[in-house]
Structure formats: C-alpha cells, structure tokens
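Spelled out from the first residue to the last, the chains are:
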Amino acid sequence: MRYHGTDIDGVSLEPEKLEIRGTSLTDLIGGIDFIGSIPFTLTGERAGVEALAKLDAALAGWLGSIAAEHPAFRLAALAAESGAGMAQAVTAGLMGFDKAAAKQAFAGIDFLPADAAEGLAVTATIPALLAAWRRHKPGTKLAKDWQPPQAGGFVDRALAAVADAPPPSPAARIFFDDALVTWIGGFGYVPPSIMIPRISIGTGVPVYHALAAGFGAAGPMHIGACEQATGMIMAALALPQGTPEQRIKGVIDAVLAKGMRIGGFGHPLFLEDPRPPRLRQRAAELGLAHPALELFEAACAVMLAEHKLKPNVDFATGTAFAMAGIRDPGAAAGIAMMGRTIGMLAHIIERRARPPFGVTSATARKYLDMVPKGWL
C-alpha cells in the first residue's frame, strides 16, 4: 500500500510503518520540529536555518494579526455562541479567510510551492479560531476579550492561544512539538481528513475551502478521539486520591458504563500504532516526568490487560497536549487538526495538478463497475 496513488506518504503493514517522502515518520518524530516538517512534507526537502526562521516568522506574524474583530474570529465566535462544536466553529471561521492577504503575507516564502501561501495562513489561523470557540461557547468561564499572542515563534504562540496553564517546561514544550509532527501525515490519501480535502480540491474550490472540508472529518473515530483521550486524562488528573492506575481505571470504567468506546486505543489498520512507542521513547529521552504521563502508562496497562488494546496516536498526543497545558479537550483535538493541515495541504497541492474527479469520462465509464463499494 505504501505510496499508493501519491508521492507524499504511505503506510506499510509488514513491518507496520508510516513514511513521509521516503522517511519513516517515527524517525521524523524527534528528528525534525514542526516548522521544519512543513517544507519537508510539501517538497521532500529540508530547508535551511534562515529559510525556516523566515517561515516561522511569517506563521507567527499571521497568527499575531488575528484580533477579536477579524472576520474569521467573529465567524467562529458566532458559530460557538450557537452551540457549534470545535470543528464546526473552525470551519465557519475559515469562511472569513482573506486569500489576497495570505498571498501577500507569505510572498517571501519562495522555497515552497505557490499554492502553499493560502494553506499556511490557514494553519496559522486555527489557534485563533480555537480561542474564539473557547471564549464564546455556551457555559464558558473565559473572558470574551482576545488579544493574539505576540511573543515567541509560531508553535509557542499557538500553544499560548489554547493553553490554560503557564508555559510548559522546556522538555514538555519539545514534546508538544514532537506531538504535532505525529499528525503531519503518513497514511497517504486513506485518512478521511486527507481524502476529503483531496476530493474537494478536485472540484475546483479554493485551497482554504478544501482545508476547511478536512475539519468535517474530525469525528470521534478520527482525530476527534484526541478530544476524548484528553478529556479522560484531565478527568483522572482532577480526582483527589488514588494511584494513577486506580484513577484512570475509574474513568475508563465510567466511560464504558455509558456504552461508549474508549477513544485513543486500538487502530483500524495497525495491530500496534508505531507512533505511541516513539513518543514514549521521546519522553524518556527528554527526561519527562508528569502526572499525565503516569496516567498514560497506567491507561495503557489497564487497556492491554482488560481489553487487549494498545494505544493509538490520539491517546499519546492527548497526553502530550495535557502536559503542555492544554486542558480543553476540544482545543486538543483542534491542535491535532492544525498539525494535520500540513499533510492536507501537501495532498491538496498534489491533487490540484491532476484532472478534475481524477479520471477522464471514458476511463470512468469503463471501470465504474470495478470500483469497490464496501468502503463507501
């Protein structure tokens, strides 16, 4: 299956492995930071220090420009006030996107494809839209006033926009960056959050529209599981007493008692998702110690012993996000989707260069009956 129908990324089952541009994703985790992963995913080339600094500054500057009166922020806020969920609010906010401003703001990033400017601006917009959703959803206790972060690089500003805790330790900040890298891609066009943007761009919509369509796939079975995983970790952290295993088991049992699935365990394709073991290794390399990490290990032990399930990327990155100070489960899922926009953008650019709908009319008519229907 590896690189089937795309030159960007692919999956292997023997061994179980994810690749991006010919490099194992597990090698990229800890081997490249989120900013560095952008040109690598889009072009297959690693950019130099000066180019990456320029890219980081452009992303940070764009996020820093989205104040409360920005049309995108206002649209996300209005959606939130109506009771919309995170994905719907972000999608609504992206409809207030300014293509011309994006093109101008990223004009100097000439080492990336021309279509990248619009997509990069979308990536940089998402933390502000998450802030709008959090401040305007019913029942929130957050003040509605919003000033975009002005200090640090893009990843620091993105974290500041959605975190509810002081800046994390340097090691936890690196771990947060590692977690973002896990989401950039690896499965080719198979994941819904990649397939839907590819289909959308094939109909001729703008890049920002195709990226927004990807948020429509952020359900509890795909990336949205990060929301449940983070929520479970936060619920266990709030319990006043008990060992990590007792606390997380209590949360797991409560979820199961409601007839719900445990988000963040098991995988539709892998017997063992290779990303959590790499993140565990990174935590050890960084010397991390945190109550959320203890709960992660306890959850893994409970789920393996009682349900024969191993963690997937949602529970692993949910843990990393909690350690970084992201306490709102919806914001955690939104930040995971922000990471995924890089893979979405690479696939959008690739797909845009191909025929609308993928094939000519003659080919479609000839092979229509051969298209498998069971997966639809």
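On a predicted model such as this, the values are computed, not experimentally measured, just so you know.

Trainee: Would you explain the overall build of the protein chain in this entry?
Mentor: For the protein chain, the helix and strand inventory stands at 18 helices and three strands. For 376 residues, the compact-globule formula gives about 21 Å, and the C-alpha radius of gyration of the protein chain, at 20 Å, lands near that figure. Judged by the C-alpha coordinates and their principal axes, the protein chain covers about 65 × 50 × 45 Å. Per-residue burial for the protein chain yields a buried fraction of 53% across its 376 residues. Put simply, of all contacts in the protein chain between residues at least 6 apart along the chain, 75% involve residues at least 24 apart. Split by element, the accessible area of the protein chain, about 16200 Å² in all, is 58% carbon and sulfur. Treating the 34 positive side-chain charges of the protein chain as one cloud and the 34 negative ones as another, the clouds have centres 5 Å apart.

Trainee: Teacher, can you tell me more about the packing of aromatic side chains here?
Mentor: Within a pair of aromatic rings, the relevant descriptors are the distance that separates the centres and the angle that separates the planes. As enumerated under the stated definition, the model contains eight aromatic pairs in all. When the centroid spacing of 5.4 Å and the interplanar angle of 25° are considered together, the rings of Phe97 and Tyr208 count as stacked. Here Phe97 is found in the loop between helix H5 (86-94) and helix H6 (99-105), whereas its partner Tyr208 is found in helix H11 (residues 207-215), with 111 residues between them in sequence. Clustering of aromatic rings is evident, with ring pairs tying together Trp62, Phe97, Phe106 and Tyr208. Over the ring of Phe40 we find Arg46, and its NZ or CZ is 5.5 Å from the ring centre. Lys137 extends its terminal NZ or CZ atom over the ring of Trp133, reaching a point 3.9 Å from the ring centre.

Trainee: Please explain the packing of helix H2 (residues 34-43) against helix H17 (residues 329-352) as it appears in this structure.
Mentor: Two quantities define a packed helix pair, namely the angle between the helix axes and the distance between the axes. Closest axis-to-axis distance for the H2/H17 pair is 9 Å, and the angle between their directions is 15°. Between H2 and H17, the crossing angle belongs to the class labelled roughly parallel. Like other packed secondary-structure pairs, H2 and H17 cross with a definite hand, here right-handed. Residues Phe34, Ser37, Ile38, Thr41 and Leu42 of H2 pack against Met338, Gly339, Ile342, Gly343, Leu345, Ala346 and Ile349 of H17. Residue classes in the contact of H2 with H17 are distributed as eight nonpolar, four polar and no charged.

Trainee: In this structure, what is going on with helix H10 (residues 192-201)? I would like to understand it.
Mentor: Because each turn of an α-helix spans 3.6 residues, side chains separated by three or four positions end up pointing in the same direction. Of all 10 residues in H10, seven are buried; the element is thus mostly enclosed. Of the residues making up H10, those classed as buried are Ser193, Ile194, Met195, Pro197, Arg198, Ser200 and Ile201. Considering only its buried residues, H10 is in contact with H11 and H17.

Trainee: Help me out: how do you make sense of the pattern of salt bridges in this one?
Mentor: Opposite charge on two side chains lets them pair, provided their charged atoms get close. Applying the stated criterion across every chain yields a total of 17 salt bridges. Between Arg198 and Glu350 there is a salt bridge; the shortest N-O distance is 2.7 Å. Here Arg198, found in helix H10, pairs with Glu350, found in helix H17; they are 152 residues apart in sequence, far enough to count as distant. The buried category is assigned to Glu350, whose relative accessible area is 15%. Across the salt bridge formed by Arg278 and Glu285, the nearest N and O atoms sit 3.0 Å from each other. Judged by its relative accessible area of 12%, Arg278 falls in the buried class. Overall, Glu285 belongs to the partly exposed group, its relative accessible area being 46%. What you see here is one network of salt bridges that share partners, running through Arg134, Lys137, Asp164 and Asp328.

Trainee: What is the right way to read the nonpolar core from this model?
Mentor: Within soluble globular proteins, side chains that are nonpolar generally end up buried alongside one another. If you look at the biggest cluster of nonpolar residues, it comprises 126 residues, and the most contacted ones within it are Phe34, Ile38, Phe154 and Phe321. Contact partners of Ile38, with chain neighbours within four places excluded, come to Leu55, Leu59, Leu112, Leu120 and Ile342.

Scoring rules and cut-offs
- Residues numbered from 1 in each chain as written.
- Predicted model: local features only at pLDDT ≥ 70, side-chain atom pairs only at ≥ 80, totals over all residues.
- Heavy atoms only, no water.
- Helix = DSSP H or I, 4+ residues; strand = E, 2+ residues; numbered from the N terminus.
- Rg over C-alpha atoms; globule rule 2.2 N^0.38 Å.
- Buried < 20%, exposed > 50% of the residue type's maximum accessible area, 1.4 Å probe, protein only.
- Contact = heavy atoms within 4.5 Å.
- Areas by Shrake-Rupley, 256 points an atom, 1.4 Å probe, with all protein chains shown as cover.
- Lys, Arg positive; Asp, Glu negative; His and termini not counted.
- Charge placed at Lys NZ, Arg CZ, Asp CG, Glu CD.
- Phe/Tyr/Trp six-rings, centres within 6.5 Å; stacked < 30°, edge-to-face > 60°.
- Lys NZ or Arg CZ within 6 Å of the ring centre and 35° of its normal.
- Axes fitted to C-alpha atoms, helices over the stretch in contact; angles between N-to-C directions.
- Parallel < 35°, antiparallel > 145°, perpendicular 65-115°, else oblique.
- Left-handed = near helix turned anticlockwise from the far one by under 90°.
- Nonpolar A, V, L, I, M, F, W, Y, C, P; charged D, E, K, R; others polar.
- Salt bridge = Lys/Arg side-chain N within 4 Å of Asp/Glu carboxyl O.
- Core = buried A, V, L, I, M, F, W, Y, C linked by side-chain atoms within 4.5 Å.

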